[in-house]
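# Descriptive structure summary
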Amino acid sequence: MDTEQIRSRLKACGQDHILEACEKLDPARRSALLEQASRLPLDSLRELIDSFVLKGAADEPCTAISPAVVTMPDAALAAELTARGEQVIRDGRVAAFTVAGGQGTRLGWGGPKGTYPATPVSGKPLFRVFAEQIEAASIAWDTPIRWYIMTSEANDSATRSFFADNNWFGLPRTQVMLFPQGMMPCFDRGNGNVLLEAPDRIAMSPDGHGGSIAALHASGALEEMSVLGIDTISYFQVDNPLSSVIDPLFIGLHSDPDRSSGEMSSKMVPKRESAEKVGVFCRVGERTQVIEYSDMPESLMTEVDDDGRLRYDAGNIAIHLLGVEFANRVFEENELPWHRALKKVPCFDLETQSQTTPEFPNGVKLERFIFDALSLVSRPAILEVDRSMEFAPIKNATGQDSPESCRQAQNDLYGDWLASRGVDVTRDGNGHVLADIEISPLSAMTSEQLQPEDLPAAVGSDDRILI
């Protein structure tokens with residue numbers, strides 16, 4: 001796109017102020033700003049501004065809501081689905097996909113969140129936790145499992161360096177593909193102008209985890225998957241070390257034509273309480289959707305069934321399976337909606353020619369959510385799993401979903417594994433394991449794989465067990 005085309009298109013979508021900024025720059029910086037402007041979604045920018053920035057899209061009221069259909073397999077069905085899933089894995093049809101664009105700022109960590117030390121004894125970084133799962137699964141099912149990792153502009157370089165410095169965690173370099181997330185411009189909430197971060201740079205922000213589908217396409221990952229015969233993407237976020245990266249039971253459910261269309265499947269855990277701040281899987285009309293906790297009517301949030309269980313308790317833990325064909329269709333049809341968020345966006349003021357740090361939200365950021373794809377699925381499968389075994393995210397510095405709570409969850413899980421193999425494990429009055437225990441998937445992927453001769457007779461309160 002030549003300079004005059006860019007100028008004409010910026011005018012057409014009401015972004016003349018970018019041209020005004022260009023006039024005050026030297027040729028090199030002017031060229032850089034115009035080049036960045038050329039990568040904006042200029043064809044749809046005016047519609048985005050009118051629909052989401054200046055007034056915000058009116059959410060359709062949630063009507064005809066009912067609980068989502070959830071699968072809780074008994075032992076016989078679980079065995080059947082696991083066998084099916086193992087064959088899908090063995091056939092090389094599954095890839096792992098980590099959404100890892102976040103920084104560890106809220107944790108006081110000065111790097112990508114995936115580099116955060118997460119395990120109780122050795123302090124393995126989150127990336128190594130998942131790498132070991134992928135290596136163990138590749139060995140168990142005798143197939144190299146591809147690993148796709150979505151970074152962000154903010155952490156892409158640091159993430160690549162971390163992988164290189166750690167020798168790709170023992171995985172073949174060709175088995176891992178990193179690519180950055182897409183970005184969207186930040187907008188002035190008052191007039192819809194694209195904000196400038198600096199005189200020669202547009203203010204940008206990540207386009208949300210729903211942008212992962214576009215990023216998979218732009219990077220060539222979806223095309224590569226199709227060439228390699230991969231038809232199932234195991235999606236998980238980088239902050240949950242208990243994520244079961246390659247889960248044969250879940251994959252078996254997703255690939256079972258009697259129980260799923262094979263387009264998108266999700267895991268859920270029962271909410272701790274009605275006010276827990278997680279989205280909830282629901283049926284809205286004829287489709288399955290995730291309703292955010294802030295949008296859920298309170299009368300439904302607190303409703304219980306005859307057994308006293310919350311009727312709407314299917315908490316979204318951001319673990320999904322996506323069909324490759326489905327992901328391609330979602331990208332091509334561009335059906336995921338945009339969501340509007342008011343934010344404080346530091347920016348460059350053209351009138352005063354100075355940087356401004358707002359005290360109140362001055363900008364609008366637009367992002368997409370991956371779970372919105374569920375509403376496009378004809379028959380999604382929702383699998384209920386045990387929170388203690390699969391969900392202990394590291395999000396906050398303290399309290400729930402913190403490094404401390406995650407460490408305790410790992411200790412409790414692996415303490416249960418040892419106890420199931422006859423080890424005497426010391427616990428406190430609330431049943432929590434008092435020792436620090438860490439079991440690598442390269443040693444055992446399930447408690448049944450633990451070898452008795454490798455285990456201690458007992459685990460005391462001050463022990464640190466590494467297996």
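Scroll up a little and you will see the structure.
A short tour of the structure in this document, coming up.

Cut-off values and rules
- Residues numbered from 1 in each chain as written.
- Predicted model: local features only at pLDDT ≥ 70, side-chain atom pairs only at ≥ 80, totals over all residues.
- Heavy atoms only, no water.
- 1 Å grid on protein atoms, 1.4 Å probe; cavity = no way out; pocket = protein on both sides within 12 Å on 5 of 7 lines; lining within 4 Å.
- Points joined across faces, edges and corners; volume = space filled by probe spheres on them.
- Helix = DSSP H or I, 4+ residues; strand = E, 2+ residues; numbered from the N terminus.
- Nonpolar A, V, L, I, M, F, W, Y, C, P; charged D, E, K, R; others polar.
- Buried < 20%, exposed > 50% of the residue type's maximum accessible area, 1.4 Å probe, protein only.
- Polar contact = N/O pair within 3.5 Å; in protein donor to acceptor, adjacent residues only side chain to side chain.
- Pairing = 2+ DSSP bridges.

Gaps left between atoms are located by rolling a probe of water-molecule size over the structure's atoms. Of the volumes computed, that of the second largest pocket is approximately 1,100 Å³. As for the second largest pocket, its lining consists of 41 residues, and the residues nearest its centre are Ser244, Met389, Trp417, Met445 and Thr446. Within the residue set of the lining of the second largest pocket, elements represented by two or more residues are α5 (75-90), α6 (126-140), α10 (248-255), β19 (381-384), α13 (387-390) and α14 (403-420). Split by residue class, the lining of the second largest pocket holds 21 nonpolar, ten polar and ten charged.

As for its position among the elements, serine 265 is in strand β11 (residues 264-270). Since its relative accessible area comes to 0%, serine 265 is described here as buried. Each C-alpha atom, one on serine 265 and one on proline 393, is 20 Å from the other, the two residues being 128 residues apart in sequence. A polar atom in the side chain of serine 265 sits 2.7 Å from the side chain of histidine 254.

Below, the discussion takes up unusual backbone geometry. What you tend to see is this: most non-glycine residues have negative phi, and most peptide bonds are trans. The phi torsion at aspartate 142 lies on the positive side, around 55°, for a residue other than glycine. At asparagine 167, a residue that is not glycine, the phi angle is positive and equals roughly 55°. Along the polypeptide, asparagine 167 turns up in the loop between α7 (156-165) and β4 (176-180). Assessed through its relative accessible area of 56%, asparagine 167 is described here as exposed.

The next thing to look at is the pairing of β11. Within β11, six of the seven residues are buried, leaving the element largely enclosed by the surrounding structure. Here six bridges tie β11 to strand β14 (residues 314-323), and the two strands are oriented antiparallel to one another. Pairing of serine 265 across the sheet is with leucine 321, part of β14. Pairing between β11 and β19: four bridges, direction parallel. When the sheet's bridge partners are listed, methionine 268 is paired in β19 with glutamate 384.

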